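# Fold and contact review
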Amino acid sequence: MSTTARVPGLRGFIRERAPAERCELCSAELSPHPHHEHLFEPSSRQIHCSCTPCAILFPVEAEKRYRRVPRRLWYLQGFAMSDAQWESLAIPVNMAFLHTSAPAGTIRAFYPSPAGATESMLTLEGWDEMVADNPILAGMVPDVEALLVNRVGGARDHYLAPIDKCFELVGLIRISWRGLSGGQEVWERIDTFFAELRSAAQEKGAVHA
């Protein structure tokens, strides 16, 4: 006698395919994040997903509506920032990213918060002092690259990072924060983010232009 075995819970093994990410300019299907290009819109401070053919239309340093976000990621070995310089930023958390804004012609400092990216004040004099101590900052591309600072848990880590990485950290904190202190999950995700960033970054001496 032959019998037909039933496969219980078959539906549980079926997974719907997640919708593919698409280029926000031409709607072409994209590789999963982080393996596709990003464009930054300085006027609105928005990050846009892009395919490579669209991204190359907007060079990194071109003064157009969009600017291509570069890929380089450096861990700045021996970066000089004193505790007094850090405290002058008046940032209530131990993370921040600083970049030059071409539209505003100023230096802007932001820190991630449950509400998103919150701006702090930084004088041009303060920035000029940091550049003098760390000449590599002089080569940072306006708008699309930032000095990303991590002082969480006693760390003193500094990166020259693409602006999309900074916004990724902002988004991670915004969606994961719980209660007044953030909760255990968000701090574990922050630790993972910086561990992966450190692993992916190339080391670069901060004193070299």
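Shown above is the structure to which this text applies.
Description of the structure in this document. These figures come from a predicted structure and were not determined experimentally.

Counting residues in each nonpolar core, the largest one holds 27 residues, and the members touching the most others are Phe97, Leu148, Tyr159, Ile173 and Phe194. Contributions of two or more residues to this core are made by strand 5 (95–101), strand 8 (145–150), strand 9 (157–162), helix 4 (163–176) and helix 5 (184–200). With six residues, the single largest contributor to this core is helix 4. Filtering out sequence-adjacent residues up to four positions away, Tyr159 remains in contact with Leu73, Trp74, Tyr75, Leu76, Ala146, Leu147, Leu148, Phe194, Leu197, Arg198 and Ala201. Counting residues in hydrophobic clusters, the runner-up holds 22 residues, among them Met81, Ile136, Leu137 and Val149.

A few words now on the sheet that holds strand 3 (residues 67–68). Spatial ordering of the open sheet is given by 2-1-3, a layout of three strands whose pairing is antiparallel. Every interior strand has two partners, whereas the edge strands, strand 2 (46–50) and strand 3, have only one. Pairing analysis gives two bridges linking strand 1 (residues 37–41) to strand 3, with the strands arranged antiparallel. From the neighbouring strand, Leu39 faces strand 3, where its bridge partner is Arg68.

Scanning the model with the defined rule gives seven aromatic pairs in all. Relative to Phe110, the ring of Phe97 lies with its centre 5.6 Å away and its plane at 20°, an arrangement referred to as stacked. Of this pair, Phe97 sits in strand 5 while Phe110 sits in strand 6 (residues 106–113), placing them 13 residues apart in sequence. Of the two residues, Phe97 and Phe110, neither departs from the other in class, the shared state being buried. The interplanar angle of 65° and the centroid separation of 6.0 Å between the aromatic rings of Trp177 and Trp187 together place this pair among those described as edge-to-face. One end of the pair, Trp177, is in the loop between helix 4 and helix 5; the other, Trp187, is in helix 5, with ten residues separating them in the sequence. By way of ring pairs, the aromatic residues Phe40, Phe97, Phe110 and Phe167 are connected into one cluster. Here the guanidinium or amino end of Arg72 rests over the ring plane of Trp74, the centre of that ring lying 4.5 Å away. Above the plane of the ring of Trp74 lies Lys204, whose end atom (NZ or CZ) is 4.7 Å from the centre.

Applying the stated criterion across every chain yields a total of zero disulfides. Here Cys26 is not cross-linked by a disulfide; its sulfur's nearest cysteine counterpart is in Cys51, at 3.7 Å. Considering cysteine sulfurs only, Cys51 is the nearest to Cys54, which forms no disulfide, with 3.6 Å between them.

Another aspect to go through is the packing of helix 4 against helix 5. Viewed as axis vectors pointing N to C, helix 4 and helix 5 meet at an angle of 165°, and their least axial separation amounts to 9 Å. As judged from the angle between their axes, helix 4 and helix 5 are roughly antiparallel. In this structure, helix 4 crosses over helix 5, and the sense of that crossing is right-handed. Across the interface between the two elements, Lys165, Glu168, Leu169, Leu172, Ile173, Ile175 and Ser176 from helix 4 touch Val186, Arg189, Ile190, Phe193, Phe194 and Leu197 from helix 5. Looking at the contact of helix 4 with helix 5 residue by residue, the classes come out as nine nonpolar, one polar and three charged.

Cut-off values and rules
- Residues numbered from 1 in each chain as written.
- Predicted model: local features only at pLDDT ≥ 70, side-chain atom pairs only at ≥ 80, totals over all residues.
- Heavy atoms only, no water.
- Core = buried A, V, L, I, M, F, W, Y, C linked by side-chain atoms within 4.5 Å.
- Buried < 20%, exposed > 50% of the residue type's maximum accessible area, 1.4 Å probe, protein only.
- Helix = DSSP H or I, 4+ residues; strand = E, 2+ residues; numbered from the N terminus.
- Contact = heavy atoms within 4.5 Å.
- Pairing = 2+ DSSP bridges.
- Phe/Tyr/Trp six-rings, centres within 6.5 Å; stacked < 30°, edge-to-face > 60°.
- Lys NZ or Arg CZ within 6 Å of the ring centre and 35° of its normal.
- Disulfide = S-S within 2.5 Å.
- Axes fitted to C-alpha atoms, helices over the stretch in contact; angles between N-to-C directions.
- Parallel < 35°, antiparallel > 145°, perpendicular 65-115°, else oblique.
- Left-handed = near helix turned anticlockwise from the far one by under 90°.
- Nonpolar A, V, L, I, M, F, W, Y, C, P; charged D, E, K, R; others polar.

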